[in-house]
Amino acid sequence: RLDTSPSRFRLPATAKLLPRGDWTPYLIATLYIFALGLLNHFAFLATGLLPYRSIGMVFLLGTTLAGLFLPLGATIWSALLAMQVWNVFFIPPLYTFHIESPDDISLAISFFFTSAITGALTSIVRRNQNLLRDQEQRTSELYQLSQLIIESRDSADCIERISKSLGAFLQGHVSVSLKSSQRVLDYFKHGEDWQFNRPKEWAAALWAFDHSKLAGKWTETLPESSALFIPLIARGERIGILGFSPRNAERPFLLSEREFLLSITSQIALYLQREMFHLLSLEGERL
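Here is a short report on the structure shown in this document. (Residues numbered from 1 in each chain as written. Predicted model: local features only at pLDDT ≥ 70, side-chain atom pairs only at ≥ 80, totals over all residues. Heavy atoms only, no water.)

**Focus on the nonpolar core**
Where a protein is soluble and globular, its nonpolar side chains tend to be buried together. The condition that has to hold: The set of buried Ala, Val, Leu, Ile, Met, Phe, Trp, Tyr and Cys residues whose side-chain atoms join them within 4.5 Å is what this entry labels a nonpolar core. Think of it in three bands: with a 1.4 Å probe and only protein chains considered, a residue is buried below 20% of the maximum accessible area for its type, exposed above 50%, and partly exposed in between. The helix and strand labels rest on DSSP assignments: H or I over at least four residues marks a helix, E over at least two residues marks a strand, and numbering proceeds from the N terminus.
Within the largest apolar cluster, 29 residues are counted, with the highest numbers of intra-cluster contacts made by Leu 166, Leu 232, Leu 242, Leu 261, Ile 268 and Leu 272. Sorting the residues of this core by element identifies α4 (102–151), α5 (155–170), β1 (172–178), β3 (228–234), β4 (237–246) and α7 (255–286) as the ones contributing at least two each. For this core, the element with the highest residue contribution is α7, accounting for 9 residues. Membership of the second largest hydrophobic core comes to 18 residues, among which are Ala 79, Ala 82, Phe 112 and Ala 116.

Shown next as structure tokens:
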């Protein structure tokens, strides 16, 4: 049985507000709020069209819209920055963080929490929509891959079709190696598959095959490998191994991608097992 417990698989920091070290959305949020402040100053305050308290509503609208294109952390940062820009440049006394009027103090505090919550909700809704869209795409891809398996002429044709389609979808290189007649894992044999036969990668592939567990990149077992290896297991029998090497080595591997890959490997294993039984039956009839 394939061990897919979370302890066997290290997830990257994709559940955080931002990938580690990526400050670009925060910079965009900062420039966006300062640009909004300049617009408010020249369009409303300098012309006298709106009092300074009403300008706060413009900042509130701006932080809400920020949630449409910024991640959660940057959206909250934009709300905090908008409150300070509104305070320093619009609320008297100007050009200071001090606020004299108790009404303005309560208004500024209410503004921050309202803008942060509405902006965060907007960001979360947008993220959920993107996740739903990705899930629909993976479901469609899973169906197409299932059709490829069904329409395959033999195991070699199935492996070739699945490897190309799955590699294109996951933006990487995918290959499958089956066990030999001696019930040991064969080397990866095709042209571009040489990368899976390198010492670190082959050690991870053998370990995954022998222990029926995931090994290699993104796991706790031989993580220095550049590829992830998933054993192909059907009805308790080890059929072979599937290797996946991402085109971009720094790209995080999402939990949804992992579940998608495990789903398709289980179908591949069942098909290949049936093909093996079919070949053995033909050989038995010939004998």
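There is more to say, and it comes next.
**Focus on α5**
Operational definition: How far a helix is expected to stretch is found by multiplying one less than its residue total by 1.5 Å. Nitrogen and oxygen atoms within 3.5 Å of one another constitute a polar contact, given that in protein one can donate a hydrogen and the other can accept it, and given that sequence-neighbouring residues count only through two side-chain atoms.
For α5, which comprises 16 residues, the first-to-last C-alpha distance of 22 Å matches the rise-based estimate of 22 Å (1.5 Å per residue) to within 8%. Taken together, the buried positions of α5 are Ser 155, Asp 157, Cys 158, Ile 159, Ile 162, Ser 163, Leu 166, Gly 167 and Leu 170. Regarding α5, its N-cap is Asp 154, as a side-chain oxygen of that residue lies 3.3 Å from the backbone nitrogen of Ala 156 further along. Phi for Gln 171, located one or two positions after α5, is positive at around 60°.

**Side note on helix α6 (residues 199–211)**
Which entries qualify depends on this criterion: It is the directions from the helix axis to the C-beta atoms that the arc portrays.
For α6, spanning 13 residues, the distance from its first C-alpha to its last is 18 Å, which sits close to the expected 18 Å at 1.5 Å a residue. For α6, every residue scored as buried is listed here: Glu 201, Trp 202, Ala 204, Ala 205, Ala 208 and Phe 209. Looking down the long axis of α6, one finds its buried residues gathered within 160° of arc, a one-sided arrangement. Phi turns positive one or two residues past the end of α6, at Ser 212, with a value near 55°.

**Some words on the pattern of salt bridges**
We apply this condition: Salt bridges, as used here, are contacts in which a Lys or Arg side-chain nitrogen is within 4 Å of a carboxyl oxygen on Asp or Glu.
This model, assessed by the stated rule, comprises 7 salt bridges. Across the pair Lys 164 and Glu 160 runs a salt bridge, and its minimum N-O distance is 3.4 Å. Of the two residues, Lys 164 and Glu 160 both sit in helix α5, 4 residues apart, roughly one turn of that helix. Residue class for Lys 164 comes out exposed when judged on its relative accessible area of 57%. We note a salt bridge from Glu 259 to Arg 258, for which the minimum N-O separation is 3.7 Å.

**A short note on the environment of Ile 233**
Mapped onto the fold, Ile 233 is located in strand β3. Overall, Ile 233 belongs to the buried group, its relative accessible area being 15%. When the C-alpha positions of Ile 233 and Ala 269 are compared, they lie 5.7 Å apart, and in sequence the two are 36 residues distant.

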